[in-house]
Amino acid sequence: MSRVPGAVLGLGPMSTEDFTYEEVGATREEGHCPPGFHPLHMRMRIGEGTEVFRRASEAVLTWEMHRALGVEIDTSAQRAAPGVDVTVSVAGVVRAPCRVVWTVEEHRRAGWAYGTLPGHPACGEEAFVVNRTGDGTMWLTVSSFSRPAAWYTRAAGAATRGVQHMLARRCGAVLRRLCAGIPEP
C-alpha cells in the first residue's frame, strides 16, 4: 500500500498494511479523490470568533461532535491522534472500524481524518476540519472518498452516498448546536 507524504503529523510514518485502501492520508490534499472512489466535500458555517473556534475544535478533536450525532464511539483515546483506533457503531448493529491517519492543530485549523480498516462497510477515508477564515468566520469541512466494501453497502448503491451526505450535514448542525450560546464578537 502507498502512503501520502506528510499524512501523519508528529508521530512519523505508520504502517498502512491494515487499511482497506491504498492512498492513506490523501484527504489532506484538498479535492483529491483516488480513481474508483466517490468524493464528498461539504463546508458548513458554524459561527464566528475565537471562542467558537476553540469550542468547535475541542468538540471535533475529542469525539464529542460524533457522540452528539448519536453514534457510539469506541476508542481508548480521549483525543484524535495519528494511529488511534476508533470504531463507530450505529444502533449497535453497524460497526465501522477506523484508524486516525492524520491530525492538525493550528492557529486557524483543527481536525483529523480516519481511514477504514477491515470490517468497515465502506472503504476509504474521511476528514473533519474546523477552519477559521481571516474575517473570523468559522467553518466545518467534511471531506471524504469512499466506495462500498460490504454486500449491503454495494446493494444500497447511491442511497449509501445519500446517507453519507446526510451525516456530513448533521455534523455541521450538531457542531453549531454545541457552539450555541458562545457570544460572537
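Coordinates for the structure precede this section.
Keep in mind the model is a prediction, meaning the values are calculated, not measured.

Engineer: Teacher, can you tell me more about the nonpolar core here?
Structural biologist: Considering soluble globular proteins, one finds that nonpolar side chains tend to be buried as a cluster. In this structure, Trp112, Leu140 and Leu175 are the most contacted members of the largest nonpolar core, which totals 37 residues. Broken down by secondary-structure element, the contributors of at least two residues to this core are strand S1 (38–48), helix H1 (50–61), strand S3 (85–90), strand S4 (94–105), strand S5 (109–116), strand S6 (122–132), strand S7 (137–148) and helix H4 (158–179). When sequence neighbours within four positions are dropped, the list of residues in contact with Leu140 reads Met42, Arg43, Met44, Ile46, Val60, Met65, Phe128, Val129, Val130, Cys171, Gly172 and Leu175. Ranked by size, the runner-up nonpolar core spans 14 residues in total, among them Val101, Cys123, Ala127 and Val129.

Engineer: Hey, could you run me through the packing of aromatic side chains in this one?
Structural biologist: Given two aromatic rings, their pairing is described by the distance between the two centres and the angle made by the two planes. All told, the structure shown has 8 aromatic pairs when counted by the stated rule. Each ring, one from Phe19 and one from Tyr21, has its centre 5.9 Å from the other, and the planes form 75°; the classification is edge-to-face. Note on Trp112 and Tyr114: the rings are 4.9 Å apart at their centroids and 65° apart in plane angle, and the pair reads as edge-to-face. You'll find Trp112 and Tyr114 in the same group, each marked buried. In textbook terms, an aromatic cluster arises when at least three aromatic residues are bridged by ring pairs, as seen for Phe19, Tyr21, Phe37 and Phe145. Taking the ring centre of Phe19 as reference, the NZ or CZ of Arg99 above it sits at 5.6 Å.

Engineer: Sorry if this is basic, but what is going on with the pattern of salt bridges here?
Structural biologist: If charged atoms from side chains of opposite charge come close, those side chains can pair. Taken as a whole, this structure holds 8 salt bridges when the rule is applied. Residue Asp18 is joined to Arg99 by a salt bridge in which the shortest nitrogen-to-oxygen separation is 3.4 Å. Of this pair, Asp18 sits in the segment before S1 while Arg99 sits in strand S4; the two residues are 81 residues apart in sequence, bridging distant segments of the chain. The partly exposed category is assigned to Asp18, whose relative accessible area is 42%. Taking relative accessible area as the criterion, Arg99 reaches 12% and is therefore assigned buried. Here Glu48 makes a salt bridge to Arg45, at a shortest N to O gap of 2.9 Å.

Engineer: How should I be thinking about H1 in this particular structure?
Structural biologist: What sets the pattern is the α-helix's 3.6 residues per turn: residues three or four places apart point alike. Over its 12 residues, H1 runs 16 Å from end to end, which matches the ideal 16 Å to within 8%, given 1.5 Å per residue. What H1 keeps buried is the set Val52, Phe53, Arg55, Ala56, Ser57, Ala59, Val60 and Leu61. Trp63 lies just past H1 and shows a positive phi near 75°.

Definitions and cut-offs
Residues numbered from 1 in each chain as written. Predicted model: local features only at pLDDT ≥ 70, side-chain atom pairs only at ≥ 80, totals over all residues. Heavy atoms only, no water. Core = buried A, V, L, I, M, F, W, Y, C linked by side-chain atoms within 4.5 Å. Buried < 20%, exposed > 50% of the residue type's maximum accessible area, 1.4 Å probe, protein only. Helix = DSSP H or I, 4+ residues; strand = E, 2+ residues; numbered from the N terminus. Contact = heavy atoms within 4.5 Å. Phe/Tyr/Trp six-rings, centres within 6.5 Å; stacked < 30°, edge-to-face > 60°. Lys NZ or Arg CZ within 6 Å of the ring centre and 35° of its normal. Salt bridge = Lys/Arg side-chain N within 4 Å of Asp/Glu carboxyl O. Expected span 1.5 Å × (residues − 1).

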